[in-house]
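# Understanding the architecture of this molecule
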Amino acid sequence: MDKTSPQLLIIFGASGDLTERKLMPALFSLYQANHLPKKFAVLGISRSDADDASFREQAVLKNKHIPETIKNHGLRKSFAELVFYFDLGDSYDVDYSALRDRIAALNKSQKTEGNFIFYLSTPPSLYETIARNLNAAGLTTENGGWTRLIVEKPFGYDLASAHQLNLNLQKYFQESQIYRIDHYLGKETVQNLLVTRFANSIFEPLWNRNYIRHVEITSAESVGVENRGGYYDSSGALRDMFQNHLLQIVSLVVMEPPIGSEPEEIRNEKVKALKSLRIMRDPEILNKNTIRGQYLAGECNGETVVGYRQEKGVDPNSKTETYAAIKFYVDNWRWADVPFYVRTAKRMPTKVTEVVIHFKTPHHQIFKNSLVQNKDNKLIIRIQPNEGILVKFGVKVPGQGFEVARANLDFYYSDLADQKIMEAYERLLLDAMQGDATLYARADEVEAAWEFVDPIVEFWQKDPHAVTFGYSAGVWGPKNADDLIEGNYTWRNPGEHLTDDPGFCVIT
Ligand code: BG6
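A brief report on the enclosed structure follows. Counting of residues starts from 1 at the beginning of each chain's written sequence and follows it residue by residue. Residues qualify for local features only when their pLDDT is at least 70, as the model is predicted, and side-chain atom pairs are given and counted only at 80 or more; totals for whole chains, interfaces and linings, by contrast, use all residues. Side-chain measures here rest on the full set of heavy atoms in the structure, leaving out hydrogens and waters.

### Brief notes about the overall build of the chain
What counts here: Helical segments are the DSSP runs of H or I of at least four residues, strand segments are the runs of E of at least two, and each set is numbered from the N terminus. What the globule rule says is 2.2 Å times the number of residues to the power 0.38, and the radius of gyration is computed from C-alpha atoms. Only protein chains enter the accessibility calculation, which uses a 1.4 Å probe; a residue is then buried when its area is under 20% of its type maximum, exposed when over 50%, and partly exposed in between. Any pair of residues with heavy atoms lying within 4.5 Å of one another is described as a contacting pair. Note on areas: these come from Shrake-Rupley sampling with a 1.4 Å probe, and a residue is covered only by the protein chains present in the view. In this charge count, Lys and Arg are treated as positive and Asp and Glu as negative; neither His nor the chain ends contribute. Where a charge sits is defined by one atom per residue type, namely NZ (Lys), CZ (Arg), CG (Asp) or CD (Glu).
Summing up its helical and strand segments, the chain has 13 helices and 18 strands in all. Over its C-alpha trace the chain gives a radius of gyration of 24 Å, about what one expects of a compact globule, namely 23 Å for 508 residues. Dimensions of the chain along its principal axes, counting C-alpha atoms only, are 80 × 55 × 45 Å. Counting only residues that meet the buried cut, the chain has 55% of its 508 residues in that class. Summarising the internal contacts of the chain: among those between residues at least 6 apart in sequence, 77% fall at separations of at least 24. Approximately 22800 Å² of the chain is accessible, and the part contributed by carbon and sulfur atoms is 51%. Side-chain charges of the chain comprise 58 positive and 66 negative groups, with the mean position of each set lying 3 Å from the other.

### Focus on the site of the ligand
This is how it is decided: By convention in this text, a residue qualifies as near a molecule or strand provided that one of its non-hydrogen atoms is within 4 Å of it. N or O atoms within 3.5 Å of each other form a polar contact, as long as, within protein, one can give a hydrogen and the other can take it, and as long as residues adjacent in sequence are counted only when both atoms are side-chain atoms. The distinction between a cavity and a pocket rests on a 1 Å grid over the protein atoms alone: a 1.4 Å probe fits inside a cavity but cannot get out, while a pocket stays open yet meets protein on both sides within 12 Å along at least five of seven lines, and a residue with an atom within 4 Å of a point counts as lining. Whether a molecule lies in a cavity or pocket depends on its atoms, and more than half of them have to be within 2 Å of the grid points. Only Asp, Glu, Lys and Arg are considered charged in this grouping, and only Ala, Val, Leu, Ile, Met, Phe, Trp, Tyr, Cys and Pro are considered nonpolar; every other residue, Gly among them, is considered polar.
Lining the immediate surroundings of the ligand are K153, H183, Y184, K187, E221, R228, D240, M241, H245, K346, K351 and Q384. Take Y184: an N or O atom from its side chain is 2.5 Å from an oxygen atom of the ligand. A distance of 2.8 Å separates an oxygen atom of the ligand from a polar atom in the side chain of K351. Protein coverage of the free-state accessible area of the ligand, which is 400 Å², stands at 81%. Judged by the proximity of its atoms to the pocket grid, the ligand belongs to the largest pocket. Its residues assigned to classes, the shell around the ligand shows two nonpolar, three polar and seven charged.

### Some details on the layout of surface pockets
Formally: Grid points are joined across faces, edges and corners, and a volume is the space filled by probe spheres set on the points.
By volume, the largest pocket is sized at about 1600 Å³. Along its surface, the largest pocket is lined by 46 residues, and L18, R21, K22, H183 and R228 are the ones closest to its centre. Listing elements by their share of the lining of the largest pocket, those giving two or more residues are α1 (17-32), α7 (188-198), α9 (236-254), β14 (378-384) and α12 (424-433).

### Section: the sheet that holds strand β6 (residues 178-180)
Quick note on the threshold: Here a strand pair is declared whenever DSSP counts at least two bridges between the two strands. To obtain each axis, a line is fitted to C-alpha atoms, and for helices this fit is confined to the stretch in contact; angles are then taken between N-to-C directions over 0 to 180 degrees.
Spatially, β3-β2-β1-β4-β5-β6 is the arrangement adopted by the six strands of the open sheet, whose pairing is parallel. Each of the sheet's edge strands pairs with one partner strand only, and the pair in question is β3 (83-87) and β6. Put simply, the sheet's adjacent strands are angled 20° from each other on average, direction ignored. Of the strand pairs in this sheet, strand β2 (residues 40-46) and β3 are connected by five bridges, and their pairing is parallel. Counted as the bridge partner of S46 is D87 from β3.

### Some details on the side chain of R197
Locating R197 in the fold gives a position in helix α7. You can call R197 buried: its relative accessible area is 0%. In contact with R197, not counting residues within four places along its chain, are E204, W207, L252, V253, V254, M255 and R334.

### Some details on empty space enclosed by the protein
This structure, assessed with the given rule, holds two cavities of 30 Å³ or more. Taken as a whole, the largest cavity spans an internal volume of roughly 170 Å³. Along the wall of the largest cavity there are 16 residues; nearest its centre are D182, Q243, N244, A441 and V446. In terms of residue count, α9 provides more of the lining of the largest cavity than any other element does, four residues in total.

### Focus on the pairing of strand β12 (residues 340-345)
Strand residues, when the strand is regular, have side chains that alternate between the two faces of the sheet. The buried fraction of β12 amounts to six of the six residues, a majority that puts the element mostly inside the structure. Both faces of β12 are covered, namely the face carrying F340, V342 and T344 and the face carrying Y341, R343 and A345. By the bridge criterion, six bridges tie strand β7 (residues 212-220) to β12 in an arrangement that is parallel. For V215, the partnering residue across the bridge sits in β12 and is F340. Inspection of the sheet shows strand β11 (residues 323-328) paired to β12 by six bridges, in the antiparallel sense. Each residue of the ladder has a partner; that of A324, found in β12, is T344.

### A look at a negative patch on the surface
Inclusion rule: Patch rule: a residue counts if its relative accessible area is over 30% and it has no salt bridge; like charges are joined within 9 Å, and nonpolar side chains (Val, Leu, Ile, Met, Phe, Trp, Tyr) within 5 Å. The rule for a salt bridge is simple: a side-chain nitrogen of Lys or Arg has to be within 4 Å of a carboxyl oxygen of Asp or Glu.
Taken together, the side chains of D49, D51, D87 and D90 present a region of like negative charge at the surface. Tracing the sequence through the fold places D87 in strand β3.

### Digging into helix α2 (residues 52-61)
Defined as follows: By definition, the arc is the one covered by directions from the helix axis to the C-beta atoms.
All of the buried residues along α2 are F55, R56, A59 and V60. Down the axis of α2, the buried set is contained in an arc of 105°. They therefore lie on one face. Tucked into the core, α2 has its buried residues touching α1, β2, α3 (73-80) and β3.

### What to know about the nonpolar core
Keep this limit in mind: Only buried residues count toward a nonpolar core. Its members are Ala, Val, Leu, Ile, Met, Phe, Trp, Tyr and Cys residues joined through side-chain atoms within 4.5 Å.
Grouped together as the largest cluster of nonpolar side chains are 148 residues, with contacts concentrated most on F12, M24, L27, L43, Y119, F242 and F328. For this core, the element with the most residues is α9, which contributes eleven residues. Apart from the residues lying within four places of it in its own chain, the contact partners of F12 are I45, L88, Y92, Y96, L99, F118, Y119, L120, S121, T122, I130 and L134.

Below, the structure written as structure tokens:
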């Protein structure tokens, strides 16, 4: 059975970067793999002076993010024929009746049965305006078909703005029609966290405070802020990565087993997990448990790069963090007293995202001469790249006595050679087309994440004790970030380009 009904995908902000880099390549891949419904069309909308033909050229035929191969040449052309364009004129805040007529005409010619997805790939400040104008033109009403709204991140700037945005969108759309994208949820390996935990009987019995010493999550990037300095400088790593992608990963690690795999059952547990994070409000606690840093000029992957403050669009005196490391606790039965260490940064030695579960050392030490790091087991869930799972366990070093060494048990997704792994946007678009919201963030989920993040942002912005540490581009952040981790432990710094530089300095 074809689960994907005929439909029209309407993209606002169609001349933007996201449409070209992610949405069109994802749609083309779905088309190539025969996942799109037989009756399907895309209508791009923006304020650029273009028409169907020029938009097809730009978004599909000459899109360098859709790799040209001999095999797909004909397919590109036939896919381009499903793509249309509507020029909204000078502003998004106009009467949408002409747009409504265009949608109605396409619905008829493409036989899309009144099923519409509106994808907002515009600055978030336009979300409410677009929703209001769609509503005024009668485009939010479901007439025989269905209507869905997909919104991109960032979803709000803090708790108050996220809450207001939820209210604004819910004026025109039911919550069940709203799909908030977090592209990390579209990654196979992030979804696999659920499967690792709940489809195996060997991990779940250990997945609690009795056996886990601490949890470490790293999401490092080697790139700087690229050409997004303006946006990033008013956002920072905490808002850009931690509030959404990393807290989504945290919620999947922390959550209780859902009753079943229905979207609402999974989302209910994720919200409960986020609500159980202990919110830090006391400045002393915030100072002790959070570290922010900013990259200085240095070498990254053999290339000399400028510091953050020299990036285009960035305030030369900016204190915005490009590195954020947070230690926190989860107040519930399962996780009481287990520290979580989560960090994210730009201009690190390598691009890597992983979850490391550190198990406690055995309760009774028999092989006393082994180093402590040779005693604890680790489960490493590699989100990207080299997607896979690694279990580290102790084995006897051959020879006399009982010397213990670390051995690895590893699984790589690439070993499943016959399975094509869908890109995050492919998976998420297909899910929304099929009305499956499991991998989309719900209103209360987004707000619960902001509730945890808001006091940290405020502390960093307002408290004179909240310093920003500098770190050279290409190293694993400020050295004192290791001090965050209790005991004899440090961050696991994976990847090839490790460096033992830099120490740290405080920038004023
Ligand atoms: C985006 C952030 O949401 O995620 C970017 O805005 C970041 O700053 C990107 O680079 C990372 O995504 P991925 O999939 O490359 O890890």
